[in-house]
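Remarks on the overall topology
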Amino acid sequence: MREERPVIALDFPNFEQVKDFLALFPSDERLYVKVGMELYYAVGPEMLAYIKRLGHSIFLDLKLHDIPNTVESAMRVLADFGVDMTNVHAAGGVEMMKAAKRGLGDSAKLIAVTQLTSTSEEQMRDYQNIQSSLKESVLHYAQKTYEAGLDGVVCSAQEAAAIKQVTSDDFICLTPGIRPQGAAAGDQKRVVSPADAYRIGSDYIVVGRPITQATDPVAAYREIYKEWNQL
Ligand code: C5P
């Protein structure tokens, strides 16, 4: 289940910047990129078609959360775009996740967000009124995601081992918050290096600014690739 290529978060505001960024790489190199809400809402499906034409793989990070019927129909649309992976919020419930899977079919992997990493334990207790620890809540949602038949979850690398224990070794742990040694953490609070993510058991790592904002993005990507694959 492990993906050798670090997934590059294309957190750019417009199409031009994405084109310029992708053009830095050799034309025969196949990347794995993440398209998030900002870029998708700004440019739309045209963006995805462009990236697919270049032969890259896409994780469409739109975090769907609505009634099962609506999510199923939306997933049917996303399946037609030919993305490789997309996601929902586990908080939407098992029926919603099953509906999402039905809509998407087997064409792409489907993962779920458990608790957002921006949610603190205090906030979860006060606002969501969930009286367990944050870790217990993450593991609970991961188990429900597994029961719903999804492929994995978005999580902190630090949670990956515990999640696999309550689900299965094949259950995907996709982890953002990755920083190569010595890189600026930015607004990420709990960062893990690519080498540690490998040791802990992440299956996919998502890396944004350490690559996109680097002076030499291709060199930064290669370094992270090496560290992640222990080369
Ligand atoms: O630039 P950076 O490497 O921090 O980018 C990480 C990417 O992963 C961003 O697109 C961010 O929105 C996303 N992400 C995250 N933490 C999560 C879920 C998604 O950082 N829990």
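Here the structure is a predicted model, which means the values were calculated and not measured.

1. Description of the packing of aromatic side chains
- Scanning the model with the defined rule gives nine aromatic pairs in all.
- Measuring from centroid to centroid gives 5.2 Å for Phe15 and Tyr50, while their planes differ by 85°, and the two rings are edge-to-face. Here Phe15, found in helix H1 (residues 15–22), pairs with Tyr50, found in helix H3 (residues 45–53); they are 35 residues apart in sequence, far enough to count as distant.
- With centroids separated by 5.9 Å and ring planes inclined at 85°, the aromatic side chains of Tyr32 and Tyr204 adopt a geometry described as edge-to-face.

2. Some words on the pattern of salt bridges
- In the structure shown here, the tally under the stated rule is 13 salt bridges.
- A salt bridge links Arg102 to Glu72, with the nearest nitrogen and oxygen atoms 3.2 Å apart. Linking Arg102 in helix H5 (residues 94–104) with Glu72 in helix H4 (residues 68–80), this pair joins segments that are 30 residues apart in sequence.
- With relative accessibility at 52%, the residue Arg102 sits in the exposed group.
- Here Glu72 falls in the buried class, since its relative accessible area comes to 15%.
- Look at the salt bridges and you will find they share partners, linking Lys34, Asp61 and Lys63 into a network.

3. Focus on the nonpolar core
- Ranked by internal contacts, the top residues of the largest apolar core, which has 49 residues, are Ile8, Leu10, Leu22, Ile51, Met75 and Val88.
- Residues within four places of Leu10 in sequence aside, it is in contact with Val18, Phe21, Leu22, Val33, Lys34, Leu39 and Ile51.
- In terms of nonpolar packing, the next biggest core, distinct from the first, is built from 12 residues, Val7, Ala9, Val154 and Val206 among them.

Criteria and thresholds
The residue numbering used here restarts from 1 in each chain and proceeds along that chain's sequence as written. The predicted origin of the model limits local features to residues at a pLDDT of at least 70 and limits the giving and counting of side-chain atom pairs to 80 or more, whereas totals for whole chains, interfaces and linings rest on all residues. Excluded from the side-chain calculation are hydrogens and water; included are all heavy atoms of the structure. Centres within 6.5 Å make a pair out of two Phe, Tyr or Trp rings, where for Trp the six-membered ring is used; the pair is then stacked when the planes are under 30 degrees apart, edge-to-face when over 60, and tilted otherwise. Under the DSSP-based scheme used, a helix requires at least four consecutive residues in state H or I and a strand at least two consecutive residues in state E, with every element numbered from the N terminus. Between Lys or Arg on one side and Asp or Glu on the other, a salt bridge is scored when a side-chain nitrogen of the former is within 4 Å of a carboxyl oxygen of the latter. Here's how the labels work: a residue is buried when its accessible area is under 20% of the maximum for its type, exposed when over 50%, partly exposed in between, all with a 1.4 Å probe on protein chains only. What we call a nonpolar core is a set of buried Ala, Val, Leu, Ile, Met, Phe, Trp, Tyr and Cys residues that are connected through their side-chain atoms within 4.5 Å. Note on contacts: a residue pair is in contact if any heavy atoms of the two residues lie within 4.5 Å.

In short, shape yes, function no, at least from these values alone.
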